[in-house]
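Residue-level listing of the chains:
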Amino acid sequence: MNFIRNFGWYAVKRTLMVVPLLFGVSLVAFFIIRLGDVNPAVLIAGPTASAAEIEQVAAELGLERPLFEQYRTYLASALSGDLGESWITGRTVSTELRNRLPVTLELITIGTVASVIVGLLLGFVAGMRERSLVDHFLRVSTLGGISMPIFWLGLLLIYVVFFLTDLAPPPLGRQSLMLATPEFRTGLPLMDALLDGRLDVFWSMVRHLMLPVITMALVIGATIAKQTRASVIEVRNTSMVRYARAIGMPQWRIWWLVLHNSLPSVITFIAIAYSLQLGGSVLIELIFSWGGIGQLGVNAIQRADYAVVQAYVFAMGILAAAIYLVADLIIASIDPRVTFK
Amino acid sequence: MSATEDHAAGSPLGRDGSLAPTSGDLPEQQPVLRRTLRAINEFLRSDLSGTLGVVLIAAWLLVAVLAPVIAPFSPVEVFGDRVLEAPSSVHWFGTDINGMDVFSRTLHAARLDLQIAGTAVLISLVIGVVLGLLTGYLGGWVDMLVLRLLDVLQAFPALILGLAIVAALQRGIGSVIFVIAFLDIPIYARLIRAETFRIRETNYVEAARALGNPTWRILLVHVLPNSLPPVVIQSAVRMAWAVKITASLAFVGVGIQAPTPEWGSMIRVGSDGIMTGVWWPTVFPGLAVVTLVLGLNLLADALQSYLRPGGR
């Protein structure tokens, strides 16, 4: 009972902390693209436009008003669900987000699950067998994985698995170009394929997911493995575990004890990995032409498409904040020390 | 904080002259240079993988300095009749789609990548350490304010923030350095802040305070030197990250652009050919990134077990 009350308080406090954070995130998202002296009106009006035309475009976009006033307008309309329009495609930003965010979320969620499985397994084995041959081997290979630029590994895999051995489909999107894309329902490609009853499309998507997911699992999995190993070793060296060993507890119960007690830090790593994938997905999407929000964001960033960049950076900030919030709440629910004051 | 822990915090510094204050607070002191050399020697012998890391880093530093001498061609020389030529005795790493020599470009890129990483880490180190010392020691509302600011900065996935800033600034290499420094400041600041929290409660700081030392002196002479070990470890990690993020930004195509020899932008140029089996313009610059970053990570790991045995 006491625990539930403590947890409730903690949950409320932790959730409220997100509010000022989100305010800061919106500020950063708005001002970051306005740091430089890029004038989007010049880009939109085109290279042949006269000064008067540029001015007219700028006036239409409201670029001449003071920055803080622009920010206020932006925030007000964003809160009412209007995120503006892309200056390049002319589509509303909320449509773009609705179409593309699920695509990326599906990719990084599957990627994170794979990374966590790889990372926990390797990290746990290495930690339980500290200084053994297996541990040394795993330690060096995880460092290798951590040291690899994720996009380079992806390209390498494309060369080996697609070009040399032809085991993977070409890295040109989420599914075979010969098949029709499933009707938009949830936005999650795999789910939509199933809802359409198109098993061939589903299978094609699974095959296309193979390389990006392996890439993420190797690089991010290595990071998780390294940290898991460290926290397993830390827990193993506590007097609690030494005592368990001394009284002759069976091996599997010691393993469980260590696993259970390294869980809080492991969950933190998972959260970090998940938010890392948010950034890493940009690179993965580029090399596999995934067409998710990462590619949208990069295109917008390169062309100073303010409305899209703002929404993109803001969305990523919100997602990261949400991931950490959920992680903290899970940790608090399994580790009473967090909420105990 | 118990007395034993104070010793534990102080002891690694005693072994490494470059870190310890040289104000003569130890009774018998060898000359700084000899102590430093001995510490380095001891470190190199203590850990094989650390030695490998140092060798890799030293090799790349050497390449960076000597690139104009050892590279067979200029990094931007175009061989119009030898586009996408496979590795040969003339072009060891082949040529890229612009007909430039991949080997020479890979060597030259080491200069730029190391310069960017080094400068950025140094800037963030200085600013981060100052911020961390002040917030950690003074506490109060300054601490709160700075912490909340750092929270906001760290709320974004680093690569995305980096992309947006570099693209907005449009200053090429300068903005890449700025962005890496900017993203690293919170990390150093938090690290030093936590260390300062620990150290300001120790007996020696209390004694220094009781003797009437001014705050700046306590910070500079007592807190700073004793909080350095994790900073040294973190610096190797930050360098590794800086090299990777520089390459990532250039790969996406912001900041550093094509003819400039940089590993990430070389991979970007090369990546168009990977699907048709032209692997050399992609693989070699990538190997360069991996070996340098691996060297830095190995060094960081070895420093970790050398400077903070037992600690995580």
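Residue numbering note: each chain is counted from 1, following its sequence as written. Labels are handed out in written order, letters beginning with A for the chains and numbers beginning with 1 for the ligands. Two thresholds apply to this predicted model, a pLDDT of at least 70 for residue-level local features and 80 or more for giving and counting side-chain atom pairs, whereas whole-chain, interface and lining totals are computed over all residues.

**Looking at the overall build of chain A**
Next up, step 1: Working definition: helices are DSSP H or I runs of at least four residues, strands are E runs of at least two. Numbering for both runs from the N terminus. When its secondary structure is counted, chain A shows 15 helices and 0 strands.
Next up, step 2: With the C-alpha coordinates aligned to their principal axes, the bounding extent of chain A is approximately 85 × 55 × 40 Å.
Next up, step 3: Contacts here follow a simple rule: the backbone-placed C-beta atoms of the two residues must lie within 7 Å. Of the contacts made within chain A by residues no fewer than 6 positions apart, 73% connect residues no fewer than 24 positions apart.

**Thoughts on the environment of A:Thr339**
Residues and elements named next belong to chain A.
Next up, step 1: Mapping Thr339 onto the fold places it in helix α15 (residues 336–339).
Next up, step 2: As for Thr339 and Gly317, which are separated by 22 residues in sequence, their C-alpha atoms are 26 Å apart.
Next up, step 3: If sequence neighbours within four positions are ignored, Thr339 has contacts with Asn6, Phe7, Tyr10 and Ala332.

**Remarks on the interface of chain B and chain A**
Next up, step 1: Between chain B and chain A, the residue contacts involve 41 residues of the former and 47 residues of the latter.
Next up, step 2: For the side of chain B that touches chain A, the leading source of residues is helix α12 (residues 280–307) of chain B, giving 10 residues.
Next up, step 3: Residues that form the side of chain B that touches chain A fall into these classes: 28 nonpolar, 8 polar and 5 charged. Residue type decides the class: Asp, Glu, Lys and Arg count as charged, Ala, Val, Leu, Ile, Met, Phe, Trp, Tyr, Cys and Pro as nonpolar, and the leftover types, Gly among them, as polar.

**Focus on unusual backbone geometry**
Residues and elements named next belong to chain A.
Next up, step 1: Positive phi outside glycine occurs at Asp166, with the angle close to 60°.
Next up, step 2: With respect to the helices and strands, the residue Asp166 is situated in the loop between α8 (150–164) and α9 (189–195).
Next up, step 3: Exposure criterion: with C-beta atoms placed from backbone coordinates, a residue whose C-beta has 20 or more other C-beta atoms within 10 Å is buried, one with 12 or fewer is exposed, and one in between is partly exposed. Look at Asp166 and you get exposed, because 9 C-beta atoms sit within 10 Å.
Next up, step 4: Residues other than glycine seldom take positive phi values, yet Ala304 does so here, at roughly 55°.
Next up, step 5: Within the secondary structure layout, Ala304 lies in the loop between α13 (293–302) and α14 (306–334).

**Points about the environment of A:Thr165**
Next up, step 1: Here A:Thr165 lies in the loop between α8 and α9.
Next up, step 2: Here the alpha-carbon distance between A:Thr165 and A:Asp82, two residues 83 residues apart in the chain, equals 48 Å.

**Structural notes on the nonpolar core**
The tendency in soluble globular proteins is for nonpolar side chains to be buried as a group.
Next up, step 1: The biggest cluster of nonpolar side chains holds 178 residues, and the ones touching the most others in it are A:Tyr312, A:Val313, B:Leu163, B:Ala164 and B:Ala242.
Next up, step 2: With 17 residues, α12(B) is the single largest residue contributor to this core. Any nonpolar core is a set of buried residues, restricted to Ala, Val, Leu, Ile, Met, Phe, Trp, Tyr and Cys, that join up through C-beta atoms within 7 Å.

**Re the packing of helix α6 (residues 158–169) of chain B against helix α10 (residues 228–252) of chain B**
All names here are of chain B.
Next up, step 1: Where α6 meets α10, the axes come as close as 11 Å, and the angle between the chain directions of the two elements is 55°. As far as their axial angle goes, α10 and α6 are oblique. Crossing angle aside, the handedness with which α6 passes α10 is right-handed. Contacts from Ala158, Leu159, Gly162, Leu163 and Val166 of α6 reach α10 at Ile245, Ser248, Leu249 and Val252.
Next up, step 2: Per-class residue counts for the contact of α6 with α10 are 7 nonpolar, 2 polar and no charged. Only the contacting stretch of a helix is used when fitting its axis, a line to C-alpha atoms as for every element, and angles between N-to-C directions run 0 to 180 degrees. Oblique is the label for every angle not falling under 35 degrees (roughly parallel), over 145 degrees (roughly antiparallel), or within 65 to 115 degrees (roughly perpendicular). Working rule for handedness: look at the near helix, and if it is turned counterclockwise from the far one by less than a right angle, call the crossing left-handed; if clockwise, right-handed.

**Brief notes about the confidence of the model for chain B**
Residue and element names in this part refer to chain B.
Next up, step 1: Residue-level confidence of the predictor, termed pLDDT, takes values from 0 up to 100. Across chain B, the average pLDDT comes to 84, with 89% of residues at or above 70.
Next up, step 2: Considering only residues more than four positions removed or in separate chains, one finds that residues 1–24, a stretch of pLDDT under 50, has 34 contacts.
Next up, step 3: With a pTM of 0.87, the predicted complex shows an ipTM of 0.89.

**A short note on the packing of helix α6 (residues 93–128) of chain A against α13(A)**
Residue and element names in this part refer to chain A.
Next up, step 1: Where α6 meets α13, the axes come as close as 7 Å, and the angle between the chain directions of the two elements is 125°. Between α6 and α13, the angle is such that the two are oblique. Contacts between α6 and α13 involve Glu96, Leu97, Arg100, Leu101 and Thr104 on the former and, on the latter, Ile293, Gly294 and Leu296.
Next up, step 2: The class makeup of the residues in the contact of α6 with α13 is 4 nonpolar, 2 polar and 2 charged.

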